[in-house]
Amino acid sequence: MIDSNKPSEDVIRIEGVSVLYRKPGERIRTFKEYAIRILQRRIQFKEFRALNDVNLQIQKGEIFGIVGNNGAGKSTLLKVVSRVLIPTEGRVWIKGVVTPLLELGAGFHPELTGRENIMLNGTILGHPRREIEEHMDEIIEFSELGDFIDSPLRTYSSGMYARLGFAAATTWEPDILLLDEVLSVGDESFRRKCEARMRGFRNGKTTSIMVSHSMESVMNLCQRVAWLDHGTVRAVGPAADIVAEYRKAQPGAGA
Amino acid sequence: MKTSEEFIYDSARRGPVALEELRGIFRYRDLIFQLIRKDIVARYKRSVLGVAWTMLQPLGMMVILSVVFSTLFSQVKGYPAYILSGLIAWTFFSQATSAMMTQIVWGGALLRQIYVPRTSFAVSSIGTGLTNLGISFIPLVLIVLIIGLPLRWSILFVPVSMLLLGAFALGVGLIISTMSIYFPDVADMYNLVLTGWMYLTPIVYPETLIPEAYRYWFFHLNPMYYYVKIFRAPIFEGVLPDGDILIVATLISVTTLIIGWLFFSKRSDEFAYHL
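Residues numbered from 1 in each chain as written. Chains lettered and ligands numbered in written order. Predicted model: local features only at pLDDT ≥ 70, side-chain atom pairs only at ≥ 80, totals over all residues.

## Observations concerning the overall build of chain A
(1) Moving on: Along chain A, the regular secondary structure elements total eight helices and nine strands.
(2) Moving on: When the 255 residues of chain A are sorted by exposure, 44% land in the buried category.
(3) Moving on: By sequence separation, contacts in chain A at least 24 residues apart represent 72% of the contacts at least 6 residues apart. (Helix = DSSP H or I, 4+ residues; strand = E, 2+ residues; numbered from the N terminus. Buried ≥ 20, exposed ≤ 12 C-beta atoms within 10 Å, placed from the backbone. Contact = placed C-beta atoms within 7 Å.)

## Let's talk about the interface of chain B and chain A
(1) Moving on: Taken together, the 32 residues of chain B in the interface contact 36 residues of chain A.
(2) Moving on: Elements with a contribution of two residues or more to the side of chain B that touches chain A: helix H1 (2-5), strand S1 (8-10), helix H3 (29-44), helix H5 (79-111) and helix H13 (271-274) of chain B.
(3) Moving on: Each residue belonging to the side of chain B that touches chain A can be placed in one class, and the counts come to 19 nonpolar, four polar and nine charged.
(4) Moving on: Relative to S1 of chain B, strand S4 (residues 89-95) of chain A runs antiparallel, the two being bridged by three bridges. Its bridge partner lying in S1 of chain B, Lys95 of chain A is registered against Ile8 of chain B. (Nonpolar A, V, L, I, M, F, W, Y, C, P; charged D, E, K, R; others polar. Pairing = 2+ DSSP bridges.)

## Considering the environment of Thr155 of chain A
Residue and element names in this part refer to chain A.
(1) Moving on: Mapped onto the fold, Thr155 is located in the loop between helix H4 (129-143) and helix H5 (158-170).
(2) Moving on: Classification of Thr155 by C-beta neighbours within 10 Å gives exposed; the count is 11.
(3) Moving on: For the pair formed by Thr155 and Val67, sequence separation is 88 residues and the distance between their alpha carbons is 35 Å.

## Points about H3 of chain B
(1) Moving on: Compared with the 22 Å implied by 1.5 Å per residue over 16 residues, the 23 Å span of H3 of chain B between its first and last C-alpha is a close match.
(2) Moving on: Buried residues along H3 of chain B sit in contact with helix H3 (114-124) of chain A together with helix H2 (17-27) and helix H6 (120-135) of chain B. (Expected span 1.5 Å × (residues − 1).)

## Here we look at helix H8 (residues 239-249) of chain A
An α-helical turn contains 3.6 residues, so any two residues separated by three or four positions project in the same direction.
All names here are of chain A.
(1) Moving on: Buried residues of H8: Ala239, Ile242, Val243 and Tyr246, and no others. End-on, the buried residues of H8 take up no more than an arc of 100°, which puts them together on one face.
(2) Moving on: The elements touched by buried residues of H8 are strand S3 (63-67), helix H7 (215-221), strand S8 (224-229) and strand S9 (232-238). (Arc of directions from axis to C-beta.)

## With respect to the nonpolar core
(1) Moving on: One finds Val81, Leu178 and Val225 of chain A together with Ala89, Leu165 and Tyr227 of chain B to be the most contacted residues of the largest nonpolar core, which totals 130 residues.
(2) Moving on: The element that contributes the greatest number of residues to this core is H5 of chain B, accounting for 18 residues.
(3) Moving on: Not counting residues within four places of it along the chain, the set of residues in contact with Leu178 of chain A comprises Leu78, Val81, Ser82, Val98, Pro100, Leu101 and Ile209 of chain A. (Core = buried A, V, L, I, M, F, W, Y, C linked by C-beta atoms within 7 Å.)

## Examining the packing of H5 of chain B against helix H7 (residues 137-146) of chain B
Residue and element names in this part refer to chain B.
(1) Moving on: Where H5 meets H7, the axes come as close as 9 Å, and the angle between the chain directions of the two elements is 165°. Relative to H7, H5 is oriented roughly antiparallel. The handedness of the crossing between H5 and H7 is left-handed. Residues Pro80, Ala81, Leu84, Ser85 and Ile88 of H5 form the contact with H7, whose participating residues are Leu140, Ile143 and Val144.
(2) Moving on: Class assignment for the residues of the contact of H5 with H7 results in seven nonpolar, one polar and no charged. (Axes fitted to C-alpha atoms, helices over the stretch in contact; angles between N-to-C directions. Parallel < 35°, antiparallel > 145°, perpendicular 65-115°, else oblique. Left-handed = near helix turned anticlockwise from the far one by under 90°.)

## With respect to the packing of H3 of chain A against H3 of chain B
The relative placement of two packed helices comes down to the angle between their axes together with the axis-to-axis distance.
(1) Moving on: One can describe the packing of H3 of chain A onto H3 of chain B by two numbers: an axis separation of 8 Å at closest approach and a directional angle of 145°. The element H3 of chain A and its partner H3 of chain B pack so that their crossing is left-handed. Contacts between H3 of chain A and H3 of chain B pair Met119, Leu120, Thr123 and Ile124 of chain A from the former with Asp30, Leu31, Gln34 and Lys38 of chain B from the latter.
(2) Moving on: Residues that form the contact of H3 of chain A with H3 of chain B fall into these classes: four nonpolar, two polar and two charged.

## Comments concerning the sheet that holds S3 of chain A
All names here are of chain A.
(1) Moving on: Overall, mixed pairing links the six strands, which are arranged S5-S6-S7-S3-S8-S9 in an open sheet. A single partner strand is all that each edge strand has here, and the edge strands are strand S5 (98-100) and S9. When the angles between neighbouring strand axes are averaged without regard to direction, this sheet yields 20°.
(2) Moving on: Alignment of S3 against strand S7 (residues 207-211), held across four bridges, turns out to be parallel. Looking at S7, one finds that Ile66 is bridged to Val211.
(3) Moving on: Helix-sheet contacts for H8 involve S3, S8 and S9, and the interaxial angle to S9 is about 135°.

## A word on unusual backbone geometry
Residue and element names in this part refer to chain A.
(1) Moving on: A positive phi is found at Asp53, a non-glycine position, where the angle reads about 50°.
(2) Moving on: Tracing the backbone shows Asp53 in strand S2 (residues 45-59).
(3) Moving on: The phi dihedral of Arg83 falls on the positive side, at around 70°, and the residue is not glycine.
(4) Moving on: Mapped onto the fold, Arg83 is located in the loop between helix H2 (74-81) and S4.
(5) Moving on: Taking the C-beta count within 10 Å as the criterion, Arg83 has 18 such neighbours and is therefore assigned partly exposed.

Below, the structure written as structure tokens:
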């Protein structure tokens, strides 16, 4: 079905995907409350469509951007790709292992040292132990943590956390890398280093999807961009075009 | 990383989730090991006594309980070892099942962002519990020797008892941690259940305390009774467990584990919406 020599090979296909969140009308937090409500037959569910009939194809080696206002479904789309959410309708087809860049602190433990955390984090990303040991020095070097690598994580600053997280996720040249607004942490020089690493991925084996509110980074890094609006894809195309269109649609943009 | 290239996920073509989880646990076995390591290392890193706590805790409990109850139950020969042999089984069960609920919360931050087998956190909690149970064996053997009970070969049976109790605890833990994802107050209710359950099980008192008329059903309807028996026989009595007791314990373990695994797996696709 798929010719691996063709440069424009699809690695992600999203076909008619919808995600429905079923939220209780009034939030029920305890079992006691739930039992009472059942007896009173007073449970109502409100449905909320986070994604509505989304179709996208993403090719190998691309850096694909997703823009849109808050609540447009950007993060939900990433969750569908990372297998965290199973779509309510439609189909997601993915070739390769998906590596999301985790939020600050997730997948780390404050009492363990940087080195121990690289091991923990690596196994969470699905890498075998031996492979992590092989990449250990490379990760430590990229994270610029120096002697701190053997101190417990609770002594780290948030910038150091971010550096360790980015280094641990990207040193492997993952098949598919997901970045959800994460390049905004860390200082300027480290951000440039991250962007350089991502550009190095371009047209290689790593496909990246990034969600960002920073139009600068999107224009800098992405070839193609999708604009999400209230759960539907409003436009897909070359980064410059879509960003321009998206900016025009912002309230106050024309004034 | 050649193999990962061939990995294909298709949301329209998924097998049964329970099997997917089972395969996932095997594929992520290094993660399970790291999670166990994290639990053990993180617990002891900031304490001076370190691993010694695992041994001191049941010992301390045993001392307190034997001082409190020894006048009441003086007819039991080697009473401290009687308590300790039941107590370590109970402590393992209650700690491992409670830990599963806390672990799924720690893991929840991850489960909202990345795919890992969702049973990993439960399986690793059992691993941590079994490790601690193994360590708490050292003081137990010492007590047995100090109070002059004979140490017999039957003690080599204990790993089998550990495995059976581990399977039961995993099954129970999977069920209650699924419920606690939907309703956080299940954790509080479970603590209360545990306290009551402990006193229904002959851990601090001899079985003869219960009037003979009700004794049979009182004990035989309580799953923990069988596990306490298969721990106490090889350690305290120095014999292999009774065949009937062992068969019932095995049946309970297998059934509970299968039910728990299916129940957890069936719900696990929804976890990301709730955590």
